[in-house]
Amino acid sequence: MPTRATALIACLALAPLPAAAQTTESRGEGLVSALAACRTAAADQRLACYEQASVALISARDCHEIRIVDREAVQRAKRSLFGFSLPHLNLFGTGKEDPRADSDTDVREITSTVTSARQAAYGLWAFGLAEGGEWQSTAESPTFDPRKGDTVTIKAGMLGRYTAKIGKGRAVDVKRLR
């Protein structure tokens, strides 16, 4: 069982080593590609290849250079960020490599419970959701009247717009505040 000192030494020793094809791939993708490449290695070199690739992958994980997440964690992160205008960082994949990748975790709509609601200036409403986050209507609407405990559905629209609907009421444009 390696000690912390051994892990630190491994992190420092492997840090300057470039990952395979790191110029076009992320460090994590390069490490996984190196592991996958071992399948085609000659039989007498395959075990050594797997050993070297797995040590590099585990060391990168232990040094917090890469993080391995599952589909459920990506879905949770995307739900918590729903409504924020973020730059494209490719944190959760682009879906271009696998057409199912983005569609399985893409969040275009959330349904939640209103945990707090208050009338803001000019007839607008601000309300909080059970998952966290605070939203505000962007236009006055006499039919939009959120109350604590109401179920609200927020859908992503075109051009970065979002609409919220409570019950069978009319949908109103909203924006995420926090």
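Sequence order sets the numbering: in each chain, residues are counted from 1 along the sequence as written. With the structure being a predicted model, the display of local features is reserved for residues of pLDDT at least 70 and the display and counting of side-chain atom pairs for 80 or more, all residues being used for whole-chain, interface and lining totals. As a convention, hydrogens and water are excluded, and side-chain values are obtained from all of the structure's heavy atoms.

Asker: How should I be thinking about the overall build of the chain in this particular structure?
Answerer: Across its full length, the chain holds five helices and six strands. The linear arrangement of helices and strands in the chain, starting from the amino end, is α-α-α-α-α-β-β-β-β-β-β. Exposure categories follow from relative accessible area, calculated using a 1.4 Å probe and restricted to protein chains: below 20% of the type maximum is buried, above 50% is exposed, and the middle band is partly exposed. Buried positions account for 27% of the 178 residues belonging to the chain. Here a strand is any run of E in DSSP of at least two residues, a helix any run of H or I of at least four, and the numbering for each starts at the N terminus.

Asker: How should I be thinking about the pairing of strand S5 (residues 162-166) in this particular structure?
Answerer: Within a regular strand, the side chains alternate between the two sheet faces. Of the two faces of S5, the one holding Tyr162, Ala164 and Ile166 is buried and the one holding Thr163 and Lys165 is not buried anywhere. Where strand S4 (residues 151-156) hands over to S5, the hairpin turn is made up of five residues, of which Leu159 adopts a positive phi near 60°. The pairing criterion is simple: DSSP has to find at least two bridges between the two strands. With three bridges connecting them, S5 and strand S6 (residues 172-176) associate as antiparallel partners. Following the sheet pairing, Ala164 is matched in S6 by Val172. Where S5 hands over to S6, the hairpin turn is made up of five residues, of which Gly167 adopts a positive phi near 60°.

Asker: Explain the state of the cysteines here, please?
Answerer: Where two cysteines share a covalent bond between their sulfur atoms, that bond is called a disulfide. We call a pair of cysteine sulfur atoms a disulfide when they lie within 2.5 Å. One pass over the full model with this rule turns up one disulfide. Two residues, Cys38 and Cys49, share a disulfide whose sulfurs are 2.0 Å apart. Taking the torsion about the sulfur-sulfur bond, which here is approximately -80°, the covalent link between Cys38 and Cys49 counts as left-handed. On the criterion of sequence distance, the pair formed by Cys38 in the loop between helix H2 (27-37) and helix H3 (43-62) and Cys49 in helix H3 is long-range, its members being eleven residues apart. Cys38 gets classed as buried once you look at its relative accessible area, which sits at 0%.

Asker: Just to check I follow, could you spell out the nonpolar core for this structure?
Answerer: Considering soluble globular proteins, one finds that nonpolar side chains tend to be buried as a cluster. Core analysis: the largest hydrophobic core is formed by 17 residues, its most contacted members being Phe82, Phe127, Trp135, Val152, Ile154 and Val174. Only strand S1 (109-119), strand S2 (125-129), S4, S5 and S6 provide two or more residues apiece to this core. Pairs of residues are marked as contacts when any of their non-hydrogen atoms sit within 4.5 Å. Once residues lying within four places of it in the same chain are set aside, the contact partners of Phe82 are Val107, Arg108, Glu109, Ile110, Trp135, Ile154, Lys155, Ala156, Tyr162 and Arg176. The term nonpolar core refers to a set of buried residues drawn from Ala, Val, Leu, Ile, Met, Phe, Trp, Tyr and Cys, joined through side-chain atoms within 4.5 Å. In this structure, Leu31, Ala56, Leu57 and Ile66 belong to the second largest nonpolar core, which totals five residues.

Asker: Can you help me understand the environment of Ala121 in this one?
Answerer: By the element assignment, Ala121 lies in the loop between S1 and S2. For Ala121, a relative accessible area of 46% puts it in the partly exposed group. Taking the C-alpha atoms as reference points, Ala121 and Glu140, 19 residues apart in sequence, are found 9.7 Å from one another.

Asker: Help me understand the pairing of S2, please; the structure alone is not making it clear to me.
Answerer: Of all the five residues making up S2, five are buried; the element is thus mostly covered by neighbouring parts of the structure. On S2, burial covers both faces: Trp125, Phe127 and Leu129 on one face and Ala126 and Gly128 on the other are all buried. Once S1 ends, the chain turns through five residues before running back antiparallel as S2, passing Tyr122 with a positive phi of about 60°. As judged from the three bridges shared by S2 and strand S3 (residues 134-137), these two strands associate in the antiparallel manner. Its bridge partner being in S3, Phe127 is matched across the sheet by Trp135. Hairpin geometry of S2 and S3 is characterised by an intervening segment of four residues between the two adjacent antiparallel strands and by a positive phi of about 100° at Gly132.

Asker: Would you mind going over the pattern of salt bridges with me for this structure?
Answerer: If the charged atoms of two oppositely charged side chains come close together, the side chains can form a pair. Any carboxyl oxygen of Asp or Glu within 4 Å of a side-chain nitrogen of Lys or Arg constitutes a salt bridge here. A complete count under the given rule lists six salt bridges for this structure. Note that Glu65 and Arg27 form a salt bridge whose closest N and O atoms lie 2.8 Å from each other. Of this pair, Glu65 sits in the loop between H3 and helix H4 (71-81) while Arg27 sits in helix H2, and the two are 38 residues apart along the sequence. You can call Glu65 partly exposed: its relative accessible area is 35%. A relative accessible area of 17% means that Arg27 is categorised as buried. With its nearest N and O atoms 3.1 Å apart, the salt bridge here joins Arg118 to Glu134. Of this pair, Arg118 sits in strand S1 while Glu134 sits in strand S3; the two residues are 16 residues apart in sequence, bridging distant segments of the chain. Taking relative accessible area as the criterion, Glu134 reaches 16% and is therefore assigned buried.

Don't take any of this as a statement about function, it's just geometry.
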